[in-house]
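The lines below spell out each chain.
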Amino acid sequence: MMGNQAVVKMRTRGAMQKSNLGVMLKHWIVKIDCFNHKMAILRDLSAAANQAPAR
């Protein structure tokens, strides 16, 4: 019986680690998307600044 409990504990721990990894992965994907979005805005702004006639 003790052996079975240990196996269940290992399995639940493994599942928790997997879900944590998934959450971290999602978090990083969101961060990267946000970063790409910011970079795109900066690119658009610099392009607009370059297109504006120099005074």
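A quick note: this is a predicted structure, and the numbers were derived from the prediction, not measured.

A. Looking closely at the overall build of the protein. Along the backbone of the protein there are one helix and zero strands. Over its C-alpha trace the protein gives a radius of gyration of 24 Å, far above what one expects of a compact globule, namely 10 Å for 55 residues. Its C-alpha atoms give the protein principal-axis dimensions of roughly 85 × 10 × 5 Å. Counting the 55 residues in the protein, one finds 0% classified as buried. A total accessible area of about 5,600 Å² is found for the protein, and carbon and sulfur atoms account for 68% of it.

B. Examining a nonpolar patch on the surface more closely. On the surface, Phe35, Met39, Ile41, Leu42 and Leu45 cluster together to form a nonpolar patch covering roughly 490 Å² of accessible area. Its place among the elements puts Ile41 in helix H1 (residues 2–51).

C. How the structure looks around the environment of Asn36. Inspection of the secondary structure puts Asn36 in helix H1. For Asn36, a relative accessible area of 42% corresponds to the partly exposed category. Between the C-alpha atom of Asn36 and that of Leu25, which follows or precedes it by 11 residues, the distance is 16 Å.

D. Structural context of the packing of aromatic side chains. According to the stated counting rule, one finds zero aromatic pairs in the structure shown. The side chain of Lys31 reaches across the aromatic face of Trp28, ending 4.8 Å from its centre.

E. Focus on the environment of Arg43. Here Arg43 shows up in helix H1. Under the relative-accessibility criterion, Arg43 is labelled exposed at 54%. C-alpha of Arg43 to C-alpha of Met16: the two residues are 27 residues apart in sequence and 40 Å apart in space.

The rules behind these values
- Residues numbered from 1 in each chain as written.
- Predicted model: local features only at pLDDT ≥ 70, side-chain atom pairs only at ≥ 80, totals over all residues.
- Heavy atoms only, no water.
- Helix = DSSP H or I, 4+ residues; strand = E, 2+ residues; numbered from the N terminus.
- Rg over C-alpha atoms; globule rule 2.2 N^0.38 Å.
- Buried < 20%, exposed > 50% of the residue type's maximum accessible area, 1.4 Å probe, protein only.
- Areas by Shrake-Rupley, 256 points an atom, 1.4 Å probe, with all protein chains shown as cover.
- Patch = residues over 30% accessible without salt bridge, like charges linked within 9 Å, V, L, I, M, F, W, Y side chains within 5 Å.
- Salt bridge = Lys/Arg side-chain N within 4 Å of Asp/Glu carboxyl O.
- Phe/Tyr/Trp six-rings, centres within 6.5 Å; stacked < 30°, edge-to-face > 60°.
- Lys NZ or Arg CZ within 6 Å of the ring centre and 35° of its normal.

None of this, on its own, says anything about what the molecule does.
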